[in-house]
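# Topology and contacts: notes
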Amino acid sequence: MNEDNRPTRPLFLDQVTLNPELARRLPPDLAFRCHTLPVAESDGAITVAMANPGDLRARNAIAAALGTSPFFVQGDRETIDTLLAEVWSTEIGFQTRFLVCSTQNRFEEVNDYACRLGSLLHAEIEYLELNEESGFFLNNLTKKAEDGYNLIILGAQDRPIKKRLFSRPVSERILSQLPIPLLVVQKTRWPLSKMLILLRGEEGDCSTVDWGIRLAQAYNATITLLAIVPSIPVMYQGLKRFEVGLYELLSTECALGQRLRRAAERLVKENLNGTLRLRQGSPEWQSRYELSVGDYDLVIVSADPDDWLHRYIMGGLVYPLLHWTDRPVLIAK
């Protein structure tokens, strides 16, 4: 029954598209304890699937955690728990596995970095030799990736000008072929004291923030959340309704504003040191500027969209970033 005594509706969860960002708005301990999953949001109204929607105490706790009175529907307990495990896999003790790909001449350096990174995350680390000359490397990596890894750590190497002109870097080929997050290490930086998270107002921001929070918790690092919005056309400059500040962005319901607000709320909730920054202009150039003035040890960004039209209109960020920065870059997926 809902608060107005209407019976709750059953929901077939196999017909629902999982929204990890929405699901994570409910703390995992409460979600697992009450077998509860937020499944949809429309105009500020949240729909929550529960195995036992008649549990009034649980419903009150869920409403308090979400900060609103949701609409409860009944869902299959086993299906809810399976979906929760998918959403919160990294937080409930699932085995974390890193795959290190490096040439022999960088193995010691990159492997040491990977071991340091994985030590507090209790990660299992395996190694695959990187050989760009071999046409079988990507095939071997694809087969290896089927074993289930949470992160591929790639020891990037300098490439001759001829290769830069006529062949794609192995990092780009890995990103285009595998759905696994990739950490590209140009130069190792340790310890992880400062991290830069680039927010793009896209679905991938959720995974980006997840990685940032997880690493910041493990290494007591500070986080800078950088949101970049398009420049205001010259003809509109000076008009207040076209001017966007950090406060205005946090107050809006646009995708970037919502994600920045939720990311900030998560930093506060996890008691992490963080800074919010907003810049207008080209994402690539604003990222360059931030990296030039900030002594960051790691950059975290979501993968560029697969949609070529979106990349053409909005511009890609990941590939240019990998070309000019010497900082380790984690591309979340």
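Everything below is about the structure printed above this text.
The present account deals with the structure reproduced in this document. (Residues numbered from 1 in each chain as written. Predicted model: local features only at pLDDT ≥ 70, side-chain atom pairs only at ≥ 80, totals over all residues. Heavy atoms only, no water.)

## Quick word on the packing of aromatic side chains
Filter applied, for reference: Geometry of aromatic contacts follows a simple scheme: Phe, Tyr and Trp rings, the Trp one being its six-membered ring, pair when their centres are within 6.5 Å, and the pair is stacked under 30 degrees between planes, edge-to-face over 60, tilted otherwise. Under the scheme used here, helices are H or I runs from DSSP no shorter than 4 residues and strands are E runs no shorter than 2 residues, and both carry numbers assigned from the N terminus. Partly exposed describes any residue whose relative accessible area lies between the buried limit of under 20% and the exposed limit of over 50%, with all areas from a 1.4 Å probe on protein chains only and scaled to the type maximum.
Taken as a whole and assessed by the stated rule, the structure comprises 3 aromatic pairs. Measuring from ring centre to ring centre gives 4.4 Å for Phe-107 and Tyr-127, while their planes differ by 70°; the resulting arrangement is edge-to-face. Of the two residues, Phe-107 is situated in helix H5 (residues 107-119) and Tyr-127 in strand S6 (residues 123-129); the sequence distance between them amounts to 20 residues. Phe-107 gets classed as partly exposed once you look at its relative accessible area, which sits at 31%. Taking relative accessible area as the criterion, Tyr-127 reaches 32% and is therefore assigned partly exposed. Ring geometry for Trp-190 and Tyr-219: centres 5.3 Å apart, planes at 80°, overall edge-to-face. Highlighted residues: Trp-190 in the loop between strand S8 (182-185) and strand S9 (194-199) and Tyr-219 in helix H9 (residues 205-219), separated in sequence by 29 residues. Judged by its relative accessible area of 31%, Trp-190 is partly exposed. Put simply, the rings of Tyr-113, Trp-190 and Tyr-219 pair up and form one aromatic cluster.

## Some remarks on the environment of Pro-38
Defined as follows: Contacts were defined at the residue level, with two residues in contact if any of their heavy atoms lie within 4.5 Å.
The residue Pro-38 is located in strand S2 (residues 36-42) in this model. Sequence separation of Pro-38 and Leu-26 is 12 residues, and the distance between their C-alpha atoms is 7.5 Å. Discounting residues that sit within four places of it in the chain, Pro-38 has contacts with Leu-22, Ala-23, Leu-26, Ile-46, Thr-47 and Val-48.

## Section: the pattern of salt bridges
Note the cut-off: We define a salt bridge as a side-chain nitrogen of Lys or Arg found within 4 Å of a carboxyl oxygen belonging to Asp or Glu.
Applying the stated criterion across every chain yields a total of 18 salt bridges. Residues Asp-112 and Arg-116 are paired through a salt bridge, measuring 3.0 Å at the closest nitrogen-oxygen approach. Placement of both Asp-112 and Arg-116 in helix H5 is noted, with a separation of 4 residues, approximately one turn of the helix. Linking Asp-304 and Arg-200 is a salt bridge whose minimum nitrogen-to-oxygen distance equals 2.7 Å. Taken as a pair, Asp-304 in the loop between strand S12 (298-302) and helix H13 (308-314) and Arg-200 in the loop between S9 and H9 lie far apart in primary sequence, 104 residues in all. Here Asp-304 falls in the buried class, since its relative accessible area comes to 15%. On the basis of relative accessible area, Arg-200 is assigned to the buried category, the value being 18%.

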